[in-house]
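As a plain string of letters, each chain reads:
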Amino acid sequence: VAGGTLVGGWWMVPAIAALWAASPVRSRPAVVAGAAGLAWAFLLMNPRGLPHLGRLAGRVAAVLGIPLSVLVLLVPLYAALLAWSAAALVTAMQGTTRRRA
Amino acid sequence: MRRRALLGTVAALALAALVAPSVIRIGQLPLVGPFLDPVQGVWALAAGAEPPGRERLDMSGLSGVVEVLVDDRGVPHAFAATEEDAYRVMGWLVARDRLFQLELTTRAGQGTLTELLGSAALEADRETRHLGLAWSAERELAGWDTASVGYRAVVAYAQGVNAYIDGLRTRDLPLEYRLLGRRPRRWHPVYSGYLFARMGLTLAANDPAESRLAVSALVGAEAADALVPVNSPIQEPIQPSSREAPRDDFRRLPPPGAPDTVAAEVASREPRVESDDGSHAEALGSNNWAVAPGRAKDGHALLAGDPHLELTLPSIWYEAHVVVPGRLDVAGVSLPGSPGIVIGFNRDLAWTFTNTGGDVSDLYLETVDDSEVPSRYLLDGEWRPLALRLEEYRDPDGRLLATDTVRFTHRGPLTRRGERWVSRRWTVLEPSRESDLFLRAPRTRTAEQWLDVMRDYVAPTQNGLVADRLGTIAIRASGWYPIRPGDGRGDVIRDGSTRGSDWTGVLPVEKYPFAKSPAQGRLASANQQPVDPLDNPAYLGADWPPPWRALRINALLRADSAVTVGAMRRYQTDPGSARADAFVGFFLEAVEVPNRETEGRKDGKTETGAVRAAALLREWDRKYDPENRRAILFELAMAELDRRTWDELIPPGKERPRYVPSSATLLELLHDSTSIWWDDRRTSDAVETRDLILIASLGAALDTALARYGDPPGDGWTWSRVRTANIHHVLGLPGLSRLRLAVTGGPSTLSPLGGRGTFGASWRMVVELGPEVRAWATYPGGQSGNPASPRYDDRIRGWTRGNLDRVLFPRIPADLPPDRVRARMTFVPGA
């Protein structure tokens, strides 16, 4: 997921999650979500940006009018939810397809 | 089966809910996915907060390699082989640090803010276009000699900005563009013209004719002449006077007369007062002063400058150092969007400006063929066609929001005022080459040469102060001063139907207010009337700002015969106030000295309050330190005094006066204790005199202070709790602003702090012109426009304390101490 985001941006998260769910590995959506959340949290820790992240987060949170903690949590949470919803959708569709087969 | 279907439905809905706001903008929210993306989204700004330690960049158009070292203050030192290369790289650097500001400020001058911000900016754009700012900038560029240094520089600068924009990666997109969901537009050389036009509006928008019309409409022309005077009642001129200075020229104000009906028809409906205490006008100004070697402790000329402008984040200024061996070695500040160093120094001299505030704008009452949709205007008995310019206002998606037709006479833009049509001629709209001058001036080696270059300066009028290593100090109030027919006054509206009303020329440079190395060994300007009318009666303007800052700085310099760099710095944030010195005594005397006029007529309650207030005011040291606990009482008393004195200037049905005369005029009136102006017409059963108004003002001020700030022994009266500097982000976003900053200063102190605290010292600089030029400076902000950068606002702390940083001024890259270098960039000629 981290690599995908690095190369293609945010929309790679649901795409990779969907592929992951469809792959023979067949991880549970919650696992995929956790991995995506961790991947984005990891990407946030870019060593070049890390010293300035707190300052930036504080200012962005103030601009958006939300608490800093909410903004910080929002990043991995958004990735996790994206991944979960895509994985869960694929899992549900696969179940339906298998039953029909 | 059912559970799986339910899961599928919930997942599909969740996915849609998460993806939709990432591809479709909802309200003011940024696109969620792209915004939160840790690689390309807003977080990427953290990685770009500091420039990479070493970079090699290809740039097309360069004729040679340009080395740039960025020091630990974020200041780039650019070493180039040609000036065009230097300005090309300057464009790139400014775009990297201030890209959004570049676009916003130039769109403000162009009147196309709606294309960035949407319909909310429509009225601001309309006003700009009706003033003809964009029309003027475009006309100017079209007529520019393409071989001139100025033209080549703005073209090179544009290429540099575009080189940055073309190479801009999504991850480097400034925060503001992300919030607005926009991308930067490419740069055109004319944008530098829009910037200067906008600056002209800021510095030369005040037309005394407007003030005089507003006053005439209420109390007649004779009273207007006294309340909006051509000559300041207190003379402390920039050009040292042949008479004693300061010189009071107080006269008896004529009584209010019958309203002038023509003035009432065409007077602007906009209020001329911008804050409750009228202090905005007194905070929008600047200081500069210079000391000759004979009065400096170390025997070198000293120069100080601090232009007072709107305080914004990012700052209005961008600091830079440009070296082109054998041609140019200049450091100082530029306006983002223009290549030249506007205020700064080179190896031989330093210069700075204050606004002169000359009257460079005139109104003409026109006769048109159709009062609704005019197409012609009458001139010397003939109908002449109006030039028409169709203005289209578009939103960020290119959709048409509105259209306007702006009309022009041969004088300038035509606007409707009630049933009348008024045209305006304004030097800011005349073809000029300010960019050219700001590029040529830094090449000069002596004050004489600098003054020679600035002979061609047009608008807005500026007090250019220069000092050189030879010990020369000089000042000239430069710019075009129109010569008008008849009595020559520009503070009246003229008949537009005849060419006989037109300007007949401009004042020759030799007639500008000027001084060079005067015997007094010092020069100072602070927006006051530049020359004593007894020395030079030529009409240069009217409605001059009161000279409180000029009085204060001259008093400080007069008392110091061995001025040091440290003293120059301290003076810039001196807490004393000549205005307080002038007024406090009147309040105290009115309350404490019995006299015939107040005897038996004071209201008991008011008197008790005033006596207590006077006792508190007497404790005041007349200074505006952040910890001061009496300044607020004086300010409230002054606001009350204005409110109670100028009731005649409140239009019927309104609550606030349309215009408040300057505090210098108020002081003039205070010397006439029985003037009819003291009577408050709103109290029909009594006739007030000066001392009754002073007593009532002081008593009311105390009531207000107690109600708002509690008892005086508490902290509520602390100056820094009631008046603070407020540095707003250019879009007004509170999260990116620095608000409620405790600073030294009040209305009319050398570092002024007006009502809302949004104007002030935008750049403070002290230069010592010794064998090696040394400089100290700062501004309230930081070099970077990136809020993740420590250099977004790193200078604010020092600025609030009145500290200056030593400016690094290396001759060659190797001269810059390695521990002060934060980044090295090498620009090489590319494809």
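Residues numbered from 1 in each chain as written. Chains lettered and ligands numbered in written order. Predicted model: local features only at pLDDT ≥ 70, side-chain atom pairs only at ≥ 80, totals over all residues. Heavy atoms only, no water.

Asks: In this structure, what is going on with the overall build of chain B? I would like to understand it.
Replies: If you tally the helices and strands in chain B, you get 24 helices and 33 strands. The C-alpha atoms of chain B give 28 Å as radius of gyration, which agrees with the globular expectation for 831 residues (28 Å, within 12%). Overall, chain B is about 90 × 80 × 70 Å in size when its C-alpha atoms are taken along their principal axes. Burial status across chain B gives 63% buried among its 831 residues. Of the contacts made within chain B by residues no fewer than 6 positions apart, 73% connect residues no fewer than 24 positions apart. For chain B, the accessible area works out to roughly 30600 Å², and carbon and sulfur atoms hold 50% of it. Side-chain charges in chain B split into 101 positive and 108 negative, and the spacing between the mean points of these groups amounts to 5 Å. (Helix = DSSP H or I, 4+ residues; strand = E, 2+ residues; numbered from the N terminus. Rg over C-alpha atoms; globule rule 2.2 N^0.38 Å. Buried < 20%, exposed > 50% of the residue type's maximum accessible area, 1.4 Å probe, protein only. Contact = heavy atoms within 4.5 Å. Areas by Shrake-Rupley, 256 points an atom, 1.4 Å probe, with all protein chains shown as cover. Lys, Arg positive; Asp, Glu negative; His and termini not counted. Charge placed at Lys NZ, Arg CZ, Asp CG, Glu CD.)

Asks: I'm lost on the pairing of strand 17 (residues 400-408) of chain B in this one. Help?
Replies: The side chains of a regular strand alternate, first on one face of the sheet and then on the other. All names here are of chain B. In this sheet, strand 17 lies alongside strand 16 (residues 387-394) in antiparallel orientation, the contact comprising eight bridges. Bridging from a neighbouring strand, Leu-390 pairs with Thr-405 of strand 17. In textbook terms, the turn of a hairpin is the stretch between consecutive antiparallel strands, and for strand 17 and strand 18 (residues 413-417) this stretch comprises four residues, one of which, Gly-412, has a positive phi near 155 degrees. (Pairing = 2+ DSSP bridges.)

Asks: Would you mind going over the packing of helix 18 (residues 578-592) of chain B against helix 22 (residues 690-709) of chain B with me for this structure?
Replies: For any two helices packed against each other, the geometry comes down to the angle between their axes and how far apart the axes lie. All names here are of chain B. It is at 9 Å that the axes of helix 18 and helix 22 come closest, and there the two elements cross at 100 degrees. With respect to helix 22, the element helix 18 is oriented roughly perpendicular. Judged by residue contacts, Phe-586, Phe-587, Ala-590 and Val-591 of helix 18 engage Arg-690, Asp-691, Leu-694, Ile-695, Ser-697 and Leu-698 from helix 22. Residues of the contact of helix 18 with helix 22, tallied by class, amount to seven nonpolar, one polar and two charged. (Axes fitted to C-alpha atoms, helices over the stretch in contact; angles between N-to-C directions. Parallel < 35°, antiparallel > 145°, perpendicular 65-115°, else oblique. Nonpolar A, V, L, I, M, F, W, Y, C, P; charged D, E, K, R; others polar.)

Asks: Is there a simple way to explain a nonpolar patch on the surface in this structure?
Replies: A cluster of nonpolar side chains, contributed by Leu74(A), Leu77(A) and Leu81(A), occupies part of the molecular surface with about 240 Å² of accessible area. When its relative accessible area of 39% is taken as the criterion, Leu81(A) is described as partly exposed. (Patch = residues over 30% accessible without salt bridge, like charges linked within 9 Å, V, L, I, M, F, W, Y side chains within 5 Å. Salt bridge = Lys/Arg side-chain N within 4 Å of Asp/Glu carboxyl O.)

Asks: Even after reading the chapter, I still don't get the pairing of strand 15 (residues 382-385) of chain B, so can you show me in this structure?
Replies: Residue and element names in this part refer to chain B. Judged from the four bridges that link them, strand 14 (residues 376-379) and strand 15 form a sheet pairing that is antiparallel. From the neighbouring strand, Tyr-377 faces strand 15, where its bridge partner is Arg-384. Taking the residues that link successive antiparallel strands as the turn, the strand 14-strand 15 hairpin has two residues, and the phi of Asp-380 there is positive, at about 50 degrees.

Asks: Would you explain the nonpolar core in this entry?
Replies: Across soluble globular proteins, nonpolar side chains have a tendency to be buried as a group. If you look at the biggest cluster of nonpolar residues, it comprises 108 residues, and the most contacted ones within it are Trp40(A), Trp43(B), Phe587(B), Leu617(B) and Phe634(B). With eleven residues, helix 5 (residues 68-100) of chain A is the largest single contributor of residues to this core. Other than its neighbours up to four places away in sequence, Phe634(B) contacts Arg579(B), Ala580(B), Phe583(B), Val584(B), Phe587(B), Leu617(B), Trp620(B) and Tyr624(B). Counting 104 residues, the second largest nonpolar core, distinct from the first, contains Tyr157(B), Tyr318(B), Val333(B) and Val773(B). (Core = buried A, V, L, I, M, F, W, Y, C linked by side-chain atoms within 4.5 Å.)

Asks: Looking at this structure, I do not really get the packing of helix 7 (residues 133-142) of chain B against helix 10 (residues 190-204) of chain B. What am I missing?
Replies: Residue and element names in this part refer to chain B. Remark: helix 7 packs on helix 10, axes separated minimally by 9 Å, with the N-to-C direction vectors making an angle of 135 degrees. If you check the angle between helix 7 and helix 10, you find them oblique. The element helix 7 and its partner helix 10 pack so that their crossing is right-handed. Of helix 10, the residues touching helix 7 (which contributes Leu-133, Ala-134, Ala-137, Glu-138 and Leu-141) are Val-190, Gly-193, Tyr-194, Ala-197, Arg-198 and Leu-201. Broken down by class, the residue content of the contact of helix 7 with helix 10 amounts to eight nonpolar, one polar and two charged. (Left-handed = near helix turned anticlockwise from the far one by under 90°.)

Asks: Sorry if this is basic, but what is going on with the sheet that holds strand 12 (residues 349-355) of chain B here?
Replies: Backbone hydrogen bonds are what pair the strands of a sheet, in a parallel or an antiparallel way. All names here are of chain B. Across the sheet, eleven strands lie side by side as 1-33-2-3-9-10-11-12-20-21-25; this open sheet has mixed pairing. This sheet does not close on itself; its edge strands, each paired only once, are strand 1 (54-60) and strand 25 (514-516). Between one strand and the next, the sheet's axes are offset by a mean angle of 20 degrees, whatever the strand orientation. In this structure, strand 21 (residues 473-478) lies alongside strand 25, joined through three bridges in antiparallel fashion. Note on strand 25: the bridge partner recorded for Arg-476 is Phe-514. Strands in contact with helix 4 (residues 83-110) are strand 1, strand 2 (66-71), strand 3 (76-79), strand 9 (318-324), strand 10 (328-334) and strand 33 (821-830); relative to strand 9, the strand with the most contacts, it is inclined by about 160 degrees.

Asks: In this structure, what is going on with the side chain of Arg476(B)? I would like to understand it.
Replies: Along the chain, Arg476(B) falls in strand 21. For Arg476(B), the residues in contact, after removing those within four places along its chain, are Leu451(B), Met454(B), Arg455(B), Gln462(B), Asn463(B), Gly464(B), Val509(B), Tyr512(B), Pro513(B) and Phe514(B).

Asks: So what exactly am I meant to see when it comes to the sheet that holds strand 27 (residues 725-729) of chain B here?
Replies: Spatially, the three strands line up as an open sheet ordered 8-27-28 (chain B), and their pairing is mixed. Of all the strands in the sheet, just strand 8 (312-313) and strand 28 (738-741) of chain B have a single pairing partner and so form its edges.

Asks: Explanation requested: the interface of chain A and chain B in the structure shown.
Replies: You'll often see interface size given as the accessible area lost when the parts meet. Taken together, the 37 residues of chain A in the interface contact 43 residues of chain B. Summed over both sides, the interface between chain A and chain B buries roughly 3400 Å², with carbon and sulfur atoms accounting for 77% of that surface. Inspection of the chain A/chain B interface yields one salt bridge. Close ionic contact of Asp793(B) with Arg59(A) constitutes a salt bridge, the shortest N to O distance being 2.6 Å. Of all the secondary structure elements, the ones that give two or more residues to the side of chain A that touches chain B are helix 1 (2-8), helix 3 (29-44), helix 4 (50-64) and helix 5 of chain A. Looking at which element gives the most residues to the side of chain A that touches chain B, the answer is helix 5 of chain A, with 16 residues. Classifying every residue of the side of chain A that touches chain B gives 24 nonpolar, nine polar and four charged. (Buried area = accessible area lost by both parts, 1.4 Å probe.)

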